[in-house]
Amino acid sequence: MSRIKEKFIELKASNQRALISYIMAGFPNEKSTLSVIRGLVKGGVDIIELGFPFSDPLADGPTIQNASTISLEKGTKISRFFNLVKQIRKETDTPLILMTYSNILYHKGFSKFIQDAKKVGIDGFILPDMSVEESKEYIHSAKNFADTIFLVSPNTSNKRINKISNVSTGFLYLVAVFGTTGVKSEIKSYTIDAIKNIKKINKNKIPLCVGFGVSTPDDVKRYVKAGADGVIVGSAFLKIIEKTPQDQLQTKIEKFTKSLKKETLRK
Amino acid sequence: MKYPKNGKFGEFGGKYIPETLVPAIEELEENYLKFKNNKEFKKEFNYYLKVYAGRPTPLYYAKNLSEKIGGGKIFLKREDLLHGGAHKINNTIGQALLAKKMKKKRIIAETGAGQHGVATAMACAALGMKAEVYMGYKDTVRQKLNVYRMNMLGSKVHPVMSGSKTLKDAINEAIRDWITNVENTYYLLGSAVGPHPYPVMVRDFQSVIGKEIKSQMKKMNKKLDTVIACVGGGSNAIGTFYPLVDTDAEIIGVEAGGHGLKTKKHSATLSGGSKGILHGMMTYLLQDDEGQITETHSISAGLDYPGVGPEHAFFKDINRIKYHSATDKEVIDAFLMLTQTEGIIPALESAHAISEAIKIARKSKTSESIVVTLSGRGDKDVEEVQNYLSRNVKN
């Protein structure tokens, strides 16, 4: 069983929902990524998404675009990224998900990339530009190696929710708002409706986690209340990383993580 | 390939898109399929092409140029004479009409050289709509007259500061806007690129070019030996080539060779690229050995793009169409030669095709016919060419 699946079983048993964080590897440098990971783990994060930068991140808002550009300028390469994952794996068993764009995997070959990533300790993948229609080779390559986490949107039809839920493993990622990552808006009623609808369709077959624009403990609280099995916080972490000096990074991240994690405990 | 199943041209094309866009893409395809053979829609489209855009465009025998070269006969398909000065209007009228039928209130577009942005602004003004156009900051500087034109036509230009600040980044930003405003917005894409159904839809709207060439050559009783067009995203080229792929004609697409294919400063995706996924499609891309998209260079902003339409990728792989390239220097030479022999100032994009035509004409017999699509006029480029010439005189 994958680390991600085990984690959701463990959380369920202890009446918790998942706190999932997204950070960009190598932003602003590899040393700070390690400090951030330590802060996240100490703060009680359940799953970590590690972004690998792509030159053209068309599903991302300004915060992650900027982090991608800086990470690439700092020389983030696949081999260095894998070394970083190895170092992280020495310190923690927290499930690690690699989030990037389809071309990065396609270019190396889906099978080779996924197996190399699995060897260093990656447990799953999120590719925001991989539609279920084009995913045959990707899913086939990942089978028995890593989870393939797919996204659904509040405008996804029930028929597609079924189709996507059938190929998504680990969890299902609900995009909370129409927009790119990191866009702050009040919680929409259409998102709450989507959570309820998807849960009804899937009958708890796969955990449902909500991301995009989730940035405060209050956001976490409200999505948890609506029935989400987990939340994904990304740009809010990157904003802290952007403005915090290296020596305070770990404690700042730990504190913020704790404030979010608190809201995932079932009342 | 008439209407590609699942949007695939062989292994190319497809729909590599964020899930939020799927309903919008499905709605677009459904409406496109509904209207493309609808009598009323076709009538309206043809009406605007004729009395608004100025179709059919002439097929002009470039006698002076041909005689100067002393080989094959060069014919120019004069898309430069269309309203707005480029072939882009064929597609923008078609898509703006479709957007109107779909009752979309908001139109967005991307533009490189500004030609598609201007053509979008014109079609929207004519049909009582307003557009917002994303344009790389670098392009807003080198094509600032087109920015003024778009503003005057009532459209809003958003300069894009991300990435290389050129066409690819303008497409990224337009897609981000579309994801955000998916419920009321129509994305009017300007080239035969992007997720299905854009490549096939843009091809169909541009195919009027190739169809006219076919009937004009027939009327003149000429056999078509070679047909040439420039390729960036490849909309004028696929519109020229698609109706002619079933003939015996040799077909050549010409990419931007920039400083030469051996340097990294070019935009010749099919000649110097490899397969990959960008902007919703599988196609050839200019990328590094990690799959990161690389920065491109071309003297013409309209060809400065690291991808190419997926149907071109398909025709390259099955060897039906050849893809060559022309360097910046060859393009300037062709630009000047056409200007001086025929009194026609071509767009720098189109001058790539002229350059290839000159090479082919030199090797062919006077009985052979070479048709070149002159996709746009060069008024927008005279400053760029003047600067290039001044630099080279100094050197």
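Residues numbered from 1 in each chain as written. Chains lettered and ligands numbered in written order. Predicted model: local features only at pLDDT ≥ 70, side-chain atom pairs only at ≥ 80, totals over all residues. Heavy atoms only, no water.

Trainee: It is not clear to me how the overall build of chain B should be interpreted in this structure. Could you clarify?
Mentor: Each helix and strand counted, chain B has 16 helices and 14 strands in total. Here the C-alpha radius of gyration of chain B, 19 Å, is about what a compact globule of 395 residues would show, namely 21 Å. Sorting the 395 residues of chain B into buried and exposed places 65% on the buried side. For chain B, restricting intrachain contacts to residue pairs at least 6 apart in sequence, the fraction spanning at least 24 positions comes to 75%. A total accessible area of about 14,700 Å² is found for chain B, and carbon and sulfur atoms account for 51% of it. Taking the average location of the 55 positive side-chain charges in chain B and that of its 43 negative ones, the two points are 5 Å from each other. (Helix = DSSP H or I, 4+ residues; strand = E, 2+ residues; numbered from the N terminus. Rg over C-alpha atoms; globule rule 2.2 N^0.38 Å. Buried < 20%, exposed > 50% of the residue type's maximum accessible area, 1.4 Å probe, protein only. Contact = heavy atoms within 4.5 Å. Areas by Shrake-Rupley, 256 points an atom, 1.4 Å probe, with all protein chains shown as cover. Lys, Arg positive; Asp, Glu negative; His and termini not counted. Charge placed at Lys NZ, Arg CZ, Asp CG, Glu CD.)

Trainee: In this structure, what is going on with the side chain of Gln292(B)? I would like to understand it.
Mentor: Structurally, Gln292(B) can be placed in the loop between β12 (281-285) and α13 (310-317). Within the local environment of Gln292(B), its side chain forms a polar contact with the backbone oxygen of Pro53(A), the two atoms lying 2.9 Å apart. (Polar contact = N/O pair within 3.5 Å; in protein donor to acceptor, adjacent residues only side chain to side chain.)

Trainee: Help me understand the packing of helix α2 (residues 30-43) of chain A against helix α12 (residues 246-261) of chain A in this model?
Mentor: Each pair of packed helices gets described by two things: the angle between the helix axes and the distance between those axes. Residues and elements named next belong to chain A. At a minimum axis distance of 7 Å, the contact between α2 and α12 shows a crossing angle of 35°. When the axes of α2 and α12 are compared, the crossing they make is right-handed. For the pair formed by α2 and α12, the contact residues are Lys-31, Ser-32, Ser-35, Val-36, Arg-38, Gly-39, Leu-40, Lys-42 and Gly-43 on the first element and Gln-246, Leu-249, Gln-250, Ile-253, Glu-254, Thr-257, Lys-258 and Lys-261 on the second. (Axes fitted to C-alpha atoms, helices over the stretch in contact; angles between N-to-C directions. Left-handed = near helix turned anticlockwise from the far one by under 90°.)

Trainee: Explain the pattern of salt bridges here, please?
Mentor: Side-chain pairs of opposite charge can arise where the charged atoms are in close proximity. Summed over the entire model, instances satisfying the criterion amount to 44 salt bridges over all chains. Among the ionic pairs, Asp80(B) bridges to Arg78(B), the shortest N-O distance being 2.8 Å. Taking relative accessible area as the criterion, Asp80(B) reaches 4% and is therefore assigned buried. The buried category is assigned to Arg78(B), whose relative accessible area is 12%. Several salt bridges converge on common partners, so that one network encompasses Glu133(A), Arg160(A), Lys163(A), Glu19(B) and Glu26(B). (Salt bridge = Lys/Arg side-chain N within 4 Å of Asp/Glu carboxyl O.)

Trainee: Got a minute to help me understand the interface of chain B and chain A in this structure?
Mentor: For an interface, size is often stated in terms of accessible area lost upon the parts coming together. Tallying the contact residues gives 38 residues for chain B and 35 residues for chain A. Around 2,900 Å² of area is buried between chain B and chain A when both sides are counted, 50% of it from carbon and sulfur atoms. In terms of surface lost to chain A, no three residues of chain B exceed Glu19(B), Arg176(B) and Glu290(B), which account for 24% of the buried area on that side. Note that Arg160(A) is salt-bridged to Glu19(B), the shortest N-O span being 2.7 Å. Of all elements in the fold, only α1 (22-36), α8 (167-180), β11 (274-278) and β12 of chain B reach the threshold of two or more residues within the side of chain B that touches chain A. Across the side of chain B that touches chain A, the residue classes tally to 13 nonpolar, 11 polar and 14 charged. (Buried area = accessible area lost by both parts, 1.4 Å probe. Nonpolar A, V, L, I, M, F, W, Y, C, P; charged D, E, K, R; others polar.)

Trainee: What is the right way to look at the sheet that holds strand β6 (residues 131-136) of chain B in this model?
Mentor: Each strand in a sheet pairs with another by means of backbone hydrogen bonds, the pair being arranged parallel or else antiparallel. Residue and element names in this part refer to chain B. Sheet architecture is open: 4 strands sit in the order β7-β6-β5-β8, paired in parallel fashion. Edge positions in the sheet fall to β7 (156-160) and β8 (185-187), since each has one partner strand and no second. Across the sheet, the axes of successive neighbouring strands diverge by a mean angle of 25°, strand direction being ignored. Here β6 runs beside β7; their pairing, made up of 5 bridges, is parallel. Each bridged residue has a counterpart across the sheet, and for Met-135 the counterpart in β7 is Pro-159. Seen against the sheet, helix α7 (residues 144-152) touches β5 (106-111), β6 and β7 and runs at an angle of roughly 145° to β7. (Pairing = 2+ DSSP bridges.)

Trainee: Please explain the nonpolar core as it appears in this structure.
Mentor: One broad rule of soluble globular proteins: the nonpolar side chains tend to lie buried together. In terms of nonpolar packing, the biggest core is built from 190 residues, with Phe125(A), Phe171(A) and Tyr223(A) touching the most fellow members. Of the residues forming this core, the biggest block, 7 residues, is contributed by α8(B). Once residues lying within four places of it in the same chain are set aside, the contact partners of Phe125(A) are Ile97(A), Leu98(A), Leu105(A), Phe113(A), Ile114(A), Ala117(A), Tyr138(A), Ala146(A), Asp147(A), Thr148(A) and Ile149(A). The next biggest cluster of nonpolar side chains, apart from the first, holds 33 residues, and it includes Ile69(B), Ile252(B), Ile344(B) and Tyr388(B). (Core = buried A, V, L, I, M, F, W, Y, C linked by side-chain atoms within 4.5 Å.)

Trainee: Sorry, what's going on with the confidence of the model for chain B here?
Mentor: Do not read the fine detail of predicted coordinates wherever pLDDT is low. When pLDDT is averaged along chain B, the result is 96; 99% of the residues meet or exceed 70. As scored by the predictor, the complex reaches a pTM of 0.97 and an ipTM of 0.96. (pLDDT = per-residue confidence, 0-100.)

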